[in-house]
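The residues making up each chain are set out below.
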Amino acid sequence: MSEESRLREQICLLAKSMFDRGLTGGSTGNISARTSDGGLLVSPTGASFGRLDPGRLSRFDAVGTRIDGDPPTKEMPLHSAFYDTRSSAGAVVHLHSCHAVALSLLADADEDNFLPPLTPYAIMKLGKVKLLPFFLPGDPAMGDAVRGLAGKRSAVMLANHGPVVAGKDVESACNAIEELEDTARLAMMTKGMHAMQISQANIIKLVNKFDVEWND
């Protein structure tokens, strides 16, 4: 099996795993990954994470021309913005996960640091998550908003919509977005309960020990 074939299979396997566990439903969510030649593999528009076909993923060359597969997700501007502004990005995942969306609906949601510091792993895997305003699905302005961050965030939360995370590879991106949803779920479960958060001193220790992008 070629390297690209393995990547195609991995994308579909991880997408199905997230679908099967209810992290995104129906035909929602999209996923992409860099190929070894600098191109992209992207989930098709209207496709379900539970039924992605490795052979039908949209294939782009290194200059952004689609050369094979079905038409890509309408959220391509969002994916492109991460790849263009973060040289470390090897994959991008976008979900419609319920707890993250619910947290984005609350009036006191922190735009600069969306996730409360409840566990070390969200800090380590995501850094600060930027809460972006509501955009119509497929609006290129979402990509513009990500570009406006100048590559300083690996994860954003689209208000009333869902999280988007870039990682060094497709497995890292999927692991990180699952951590985002888990932390949002904890935040919703403990809302109003005066939950003990990680102290600022310990956040700094985590940031320094694990080389987390934080002070931006």
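Residues numbered from 1 in each chain as written. Predicted model: local features only at pLDDT ≥ 70, side-chain atom pairs only at ≥ 80, totals over all residues. Heavy atoms only, no water.

Scanning the protein from N- to C-terminus turns up seven helices and eight strands. In terms of overall size, the protein behaves like a compact globule, its C-alpha atoms giving a radius of gyration of 17 Å where 216 residues would be expected to give roughly 17 Å. Dimensions of the protein, computed from the C-alpha atoms along their principal axes, are close to 50 × 35 × 35 Å. Counting over 216 residues, the protein shows a buried share of 48%. (Helix = DSSP H or I, 4+ residues; strand = E, 2+ residues; numbered from the N terminus. Rg over C-alpha atoms; globule rule 2.2 N^0.38 Å. Buried < 20%, exposed > 50% of the residue type's maximum accessible area, 1.4 Å probe, protein only.)

To continue, consider unusual backbone geometry. Comment: phi is negative for the bulk of residues other than glycine, and the bulk of peptide bonds are trans. With phi around 60°, Asn160 is a residue other than glycine that occupies positive phi space. Summarising the element assignment, Asn160 is placed in the loop between β7 (155-158) and β8 (162-167). Phi is positive for Asp211, which is not a glycine, with a value near 55°. Following the sequence through the fold, Asp211 ends up in the segment after α7 (200-209).

This brings us to the pairing of β8. Burial runs high along β8: six of the six residues are buried. As paired elements, strand β5 (residues 91-94) and β8 share four bridges and run antiparallel to each other. Bridge pairing links Val93 to Val165 in β8. Linking two consecutive strands that pair antiparallel, namely β7 and β8, is a turn of three residues; a positive phi of about 60° is found at Asn160 within it. (Pairing = 2+ DSSP bridges.)

A few words now on the environment of Gly127. Along the polypeptide, Gly127 turns up in the loop between α4 (120-126) and β6 (130-132). Taking the C-alpha atoms as reference points, Gly127 and Asn215, 88 residues apart in sequence, are found 9.2 Å from one another. Not counting residues up to four positions away in its chain, the partners in contact with Gly127 are Ala122, Val212, Glu213 and Trp214. (Contact = heavy atoms within 4.5 Å.)

Moving on: the sheet that holds strand β2 (residues 40-42). Taken in spatial order, the eight strands of this open sheet run β4-β3-β2-β1-β5-β8-β7-β6, and their pairing is mixed. The open sheet has two edge strands, β4 (66-68) and β6, and neither has a second partner. For this sheet, the mean inter-axis angle between neighbouring strands, taken without regard to orientation, is 20°. Here strand β3 (residues 58-60) runs beside β4; their pairing, made up of two bridges, is antiparallel. (Axes fitted to C-alpha atoms, helices over the stretch in contact; angles between N-to-C directions.)

Don't take any of this as a statement about function, it's just geometry.
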